[in-house]
Structure formats: C-alpha cells, structure tokens
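# Architecture at a glance
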Amino acid sequence: MRYFNHLPELHLEGFFCKKPMAVNKYTDRTKLAYSLGPLLYMPATRRDIAQLIMSNKYRELTALAICLEDAVGDLEVAQAEESLISQMATIEEAAAEGRLTDETAPLIFIRVRSPRQMRELSYRLGSSLEQVTGFVFPKFSSKTGESFLAELEQINRQSGTVLYGMPILESPEVLHKERRLDELLRIKEIIGRYEELILNIRIGATDLCGLYGLRRSSQMTVYDIAVVSELITDIVNLFSREPGGYVVSGPVWEYFSNSQRILKPQLRQTPFEKQFGSEGLRLRKELISKNFDGLIQETLLDQANGLVGKTIIHPSHLLPVQAMHVVSKEEYVDALSIVQQANGRKGVFKSEFQNKMNEIKPHLKWAEKILMKSDIYGVFHENSTFIDLLSEPVYT
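Residues numbered from 1 in each chain as written. Predicted model: local features only at pLDDT ≥ 70, side-chain atom pairs only at ≥ 80, totals over all residues. Heavy atoms only, no water.

### Overview of the overall build of the protein chain
- Along the protein chain, the regular secondary structure elements total 17 helices and 12 strands.
- Counting all 396 residues of the protein chain, 52% fall into the buried class.
- Sequence separation of at least 24 residues holds for 78% of the intrachain contacts in the protein chain that already meet a minimum separation of 6.
- Element-wise, carbon and sulfur atoms account for 51% of the exposed surface of the protein chain, whose accessible area totals about 17700 Å². (Helix = DSSP H or I, 4+ residues; strand = E, 2+ residues; numbered from the N terminus. Buried < 20%, exposed > 50% of the residue type's maximum accessible area, 1.4 Å probe, protein only. Contact = heavy atoms within 4.5 Å. Areas by Shrake-Rupley, 256 points an atom, 1.4 Å probe, with all protein chains shown as cover.)

Here it is as structure tokens:
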C-alpha cells in the first residue's frame with residue numbers, strides 16, 4: 001500500500017515536498033511497524049470485503065483487521081470463518097491477475113479468538129495466506145501470550161511466508177493496579193522471546209473501560225479516563241523504551257456521527273479560516289458535526305505520548321488519522337539537520353526556522369522516528385497542513 005494513493009499526481013505534488021513510499025508485508029519490520037496509521041476493523045461476517053478492496057470503495061484504506069472475535073457473535077463463528085476464507089481467495093485471485101498491487105492492496109490482518117483457531121485458519125487459507133500480513137491477538141496476557149506466539153512461529157516456519165503478531169493489552173491483569181507492573185513485565189518477557197514476530201503493541205481501550213463500566217463521550221478523549229490513561233503511560237514506559245522498543249498504537253475512537261454537545265469544540269477557527277477562508281470554516285463545522293474534533297484531539301494526544309497509528313471502526317476516520325500522521329516541513333528539516341549533525345562536533349544549534357534550539361543528543365531518537373515517518377506518510381510543503389488534505393473533494 002501507499003498512503004494517499006487515491007490522490008491525483010498533481011495534488012500529491014501540490015501537497016507534498018516528499019511523497020509517501022509504498023510498503024508491503026516484506027518491508028523492513030521496523031518501518032512496517034510505523035506504517036499502520038489507521039487500522040480499520042471489519043467483522044469477518046461481511047461478504048463484501050474483497051469487493052470493497054478491489055473496487056477501491058474506501059480510497060484511503062491502507063490497513064484492515066478482519067475480526068473473528070468481539071465483532072462476531074459466538075453463534076456466527078463458523079459462518080464468519082467460511083466468509084473469511086472465501087474473501088481471501090478472491091483477494092488472492094485479484095492479486096495474481098494484477099488487479100491489486102503493492103500500492104493499492106491494503107495490509108490485511110486477522111483478529112483471531114485463540115491459537116487453535118489461528119492454526120486451523122492458516123491451514124484452511126492455503127496459498128491465500130500470502131495475502132495476510134499478520135494476526136491480532138485479543139486479551140493478550142501472560143497466560144495466553146506464549147501459546148499465541150509459539151503457534152505463530154510454527155505457522156511462519158511451515159507456511160514459508162512472513163506473518164506478524166499484534167498483541168492487544170486489554171485484560172483485567174494489566175488494568176488492576178496491584179497486578180499491573182508484574183503482568184506487564186511478564187508480557188514483555190514473553191514477547192521479547194519472539195521479538196522478530198511482533199509488529200505493534202495495541203491497547204484495547206473499549207474492553208479496559210468496560211471493566212469498570214465506563215465509556216468516554218465523543219467530547220472527551222481516552223486520556224480523560226484516568227484509570228486507562230495511567231495504564232497507557234505504563235505501557236509506553238515499559239514497551240517503547242530503547243533499545244529494543246516496540247511501536248505502541250493508539251486505542252480505538254468509537255464515534256462517527258452527530259450528537260448533542262456540552263463542551264466547546266476542540267478545533268480552533270483560526271487555522272481553518274486562515275487556510276481557506278469561509279470554506280475553511282465550513283470544513284471545520286463539518287468535522288465538528290461528525291465528532292472529528294474529538295478524534296483529531298485524541299490523535300494529537302496519542303502522538304504527544306509516543307503512540308503511532310490508531311484503531312478505527314469507521315471508514316470516515318481513515319483520512320483524518322492519515323492526515324495527522326504526515327510530517328510537517330518544519331519537523332522534517334529539524335530532524336534531518338539533527339541526524340546530519342550528530343557527529344560529535346556540536347551539541348546544540350538553532351533551527352532553520354529560527355524558532356527553537358535543536359539539541360542533538362536528547363532529540364536524536366525523535367529525529368530518527370520523524371525521518372522514518374517521512375518515508376511512510378510523506379512531508380508537507382511548508383505552507384500545507386492536514387487541513388489541505390481534509391478539504392479535498394474526495395473527503396466525504
């Protein structure tokens with residue numbers, strides 16, 4: 001897949017000083033881990049998954065998780081498995097005929113219920129397993145983790161393809177304070193033994209909130225739910241630290257339609273009006289009406305806390321989350337300068353934008369991550385922002 005592949009070349013030239021590069025399941029694991037911007041969930045019972053991919057119905061779709069767990073009723077599992085196998089066979093056929101390419105085919109993951117189900121599905125999928133990038137492991141814990149990852153390792157060995165795992169941390173053991181640290185350390189030890197198979201660490205905010213009967217409103221972010229926010233801090237602290245840190249992805253945003261507001265909108269008028277005048281104010285109003293101001297605010301907080309990407313449940317979320325991951329020209333120039341001057345000859349220098357000091361040692365890891373993201377999501381021209389992408393006619 002390639003981000004913003006739906007845009008005409010003229011628009012890409014107009015928005016980006018550095019255009020996104022194509023990635024696939026065989027891309028270097030570290031770079032691939034940073035490539036999962038918005039990961040769209042769909043229930044495996046849907047019988048049109050292959051068709052919507054081939055028809056490019058969701059033009060911004062780059063990564064898809066086909067769910068066999070919570071999105072599927074217990075009595076629907078057999079039906080969902082049959083549908084999944086049929087859809088993947090159709091996708092394999094389209095790829096073989098050239099109707100899907102590295103730039104147009106999304107990364108596909110399967111969320112399974114158990115290691116046994118994963119093993120049986122891998123066998124039943126046959127050659128279409130090549131179209132799968134990996135599996136998502138729900139309610140991953142120190143009790144279940146070893147069996148998931150050992151089975152995944154065996155499937156990789158037998159299938160001859162590359163398949164990654166993405167554990168979701170959402171069990172009571174990681175949320176309950178008296179057990180959290182011990183449980184997180186046990187999980188980290190387990191995944192450390194299978195490090196090359198781990199693509200992302202994901203956070204199941206909905207299940208975590210459900211343990212306490214909580215649900216954030218469309219006007220709040222997950223960081224306003226203190227018991228979950230505290231856990232996110234600990235996950236980032238333990239799993240993202242260098243060396244050998246993992247990419248941690250942002251939790252799901254649940255809302256996609258209008259609702260009555262109590263709090264003021266999160267989006268300021270000035271950036272929109274400055275960029276597009278009255279048309280910009282219309283766009284801002286539309287984003288607010290769809291609760292996208294909350295989504296944008298939470299994505300900004302994800303990024304500020306070191307998270308990359310986001311689980312989403314509605315295709316309308318694809319473009320806003322992608323747009324928020326594009327690197328600004330200022331970030332890119334600063335990052336490039338820091339990396340280029342990390343030769344020991346100086347410790348600090350003034351940014352080319354004349355608005356900050358860049359310290360090489362404390363900012364070097366940040367700079368390396370920014371350059372990684374610039375390859376994947378691209379770099380805006382100096383006067384372009386995510387607002388430009390959201391103003392595109394393709395935005396609906």
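Let's pick the thread back up.
### Details of the sheet that holds strand 9 (residues 310-312)
- Overall, parallel pairing links the 8 strands, which are arranged 7-6-5-4-3-2-9-8 in an open sheet. The sheet is open, and its two borders are formed by strand 7 (202-203) and strand 8 (250-253), each paired with just one other strand.
- Where strand 2 (residues 38-43) meets strand 9, 3 bridges bridge the pair, whose relative direction is parallel. In the sheet register, proline 38 faces strand 9, and the bridge partner there is lysine 310.
- Its contacts with the sheet place helix 6 (residues 145-159) against strand 5 (134-137) and strand 6 (164-169), and it is angled at close to 170° to strand 5. (Pairing = 2+ DSSP bridges. Axes fitted to C-alpha atoms, helices over the stretch in contact; angles between N-to-C directions.)

### Topic: a nonpolar patch on the surface
- There is a patch of nonpolar side chains on the surface, built from Leu211, Tyr212 and Leu214 and spanning about 260 Å² of accessible area.
- Along the chain, the position of leucine 211 falls in the loop between helix 9 (205-210) and helix 10 (226-239).
- Residue class for leucine 211 comes out partly exposed when judged on its relative accessible area of 37%. (Patch = residues over 30% accessible without salt bridge, like charges linked within 9 Å, V, L, I, M, F, W, Y side chains within 5 Å. Salt bridge = Lys/Arg side-chain N within 4 Å of Asp/Glu carboxyl O.)

### Remarks on the side chain of glutamate 170
- Residue placement: glutamate 170 occurs in the loop between strand 6 and helix 7 (172-175).
- No salt bridge is formed by the buried glutamate 170; the nearest opposite charge belongs to lysine 139, separated by 4.1 Å.
- In this structure the side chain of glutamate 170 is engaged in a polar contact, spanning 2.8 Å, whose partner is the backbone nitrogen of lysine 139.
- In contact with glutamate 170, other than residues within four places in its own chain, are Arg111, Pro138, Lys139, Gly204, Asp207, Leu208 and Leu211. (Lys, Arg positive; Asp, Glu negative; His and termini not counted. Polar contact = N/O pair within 3.5 Å; in protein donor to acceptor, adjacent residues only side chain to side chain.)

### Details of unusual backbone geometry
- One non-glycine residue with positive phi stands out, namely phenylalanine 4, at about 65°.
- Mapping phenylalanine 4 onto the fold places it in the segment before helix 1 (9-15).
- At lysine 139, a residue that is not glycine, the phi angle is positive and equals roughly 50°.
- Within the element layout of this structure, lysine 139 appears in the loop between strand 5 and helix 6.

### A look at the pairing of strand 6
- Of all 6 residues in strand 6, 6 are buried, a share of seventy percent or more.
- Residues Tyr164, Met166 and Ile168 line one face of strand 6 and the alternating positions Gly165, Pro167 and Leu169 line the opposite face, and both faces are buried.
- By the bridge criterion, 4 bridges tie strand 5 to strand 6 in an arrangement that is parallel. Note on strand 6: the bridge partner recorded for phenylalanine 135 is glycine 165.
- Taken together, strand 5, helix 6 and strand 6 constitute a β-α-β crossover, and its handedness is right-handed. (Right-handed = clockwise from strand over helix to strand, strands pointing away.)

### A look at the packing of helix 5 (residues 115-125) against helix 6
- Relative orientation of the contacting elements helix 5 and helix 6 amounts to 15°, with a least axis distance of 9 Å. The pairing of helix 5 with helix 6 is recorded here as roughly parallel in orientation. The handedness of the crossing between helix 5 and helix 6 is right-handed. Counted together, Pro115, Met118, Arg119 and Ser122 of helix 5 and Ser147, Phe148, Glu151, Leu152 and Ile155 of helix 6 form the full contact between these two elements.
- Looking at the contact of helix 5 with helix 6 residue by residue, the classes come out as 5 nonpolar, 2 polar and 2 charged. (Parallel < 35°, antiparallel > 145°, perpendicular 65-115°, else oblique. Left-handed = near helix turned anticlockwise from the far one by under 90°. Nonpolar A, V, L, I, M, F, W, Y, C, P; charged D, E, K, R; others polar.)

### A closer look at the side chain of threonine 62
- Positionally, threonine 62 belongs in the loop between helix 3 (49-54) and strand 3 (63-67).
- Other than its neighbours up to four places away in sequence, threonine 62 contacts Met1, Arg2, Tyr3, Pro38, Pro106, Leu107 and Gln322.

### Some words on the packing of aromatic side chains
- One pass over the full model with this rule turns up 8 aromatic pairs.
- Where tyrosine 3 meets phenylalanine 4, the ring centres are 6.2 Å apart and the plane angle is 50°; that geometry is what we call tilted.
- Taken together, a centroid distance of 6.5 Å and an interplanar angle of 25° make the contact between phenylalanine 140 and phenylalanine 148 stacked. Like phenylalanine 140, the residue phenylalanine 148 is buried in the burial classification.
- Feature note: the residues Tyr3, Phe4, Phe16, Tyr377 and Phe380 constitute an aromatic cluster, connected by ring pairs. (Phe/Tyr/Trp six-rings, centres within 6.5 Å; stacked < 30°, edge-to-face > 60°.)

### Notes on the pairing of strand 4 (residues 107-111)
- Of all 5 residues in strand 4, 5 are buried; the element is thus mostly enclosed.
- Neither face of strand 4 is open: one carries Leu107, Phe109 and Arg111, the other Ile108 and Ile110, and all of them are buried.
- Across 5 bridges, strand 3 lies against strand 4 in parallel orientation. Bridging across to strand 4, cysteine 67 finds its partner in arginine 111.
- For the crossover that starts at strand 3, traverses helix 4 (residues 77-96) and ends in the parallel strand 4, the hand is right-handed.
- Looking at chain direction, strand 4 and strand 5 are connected through 3 bridges and run parallel. The partner of arginine 111 across the bridge, within strand 5, is valine 136.
- The parallel pair strand 4 and strand 5, bridged by helix 5, forms a crossover whose chirality is right-handed.

### Concerning the pattern of salt bridges
- Evaluated as defined, the whole model comprises 32 salt bridges.
- For aspartate 48, the salt bridge goes to arginine 46, with nearest N and O atoms at 2.8 Å.
- Residue glutamate 298 pairs with arginine 216 through a salt bridge whose shortest N-O separation is 3.1 Å. Pair noted here: glutamate 298 is in helix 13 (residues 292-304) and arginine 216 is in the loop between helix 9 and helix 10, with a separation of 82 residues, a long-range link.
- The exposure class of glutamate 298 is buried, given its relative accessible area of 0%.
- A residue is classified by how much of its surface remains accessible, and arginine 216, at 3% relative accessible area, is buried.

By themselves, these are just geometric observations and shouldn't be taken as functional.
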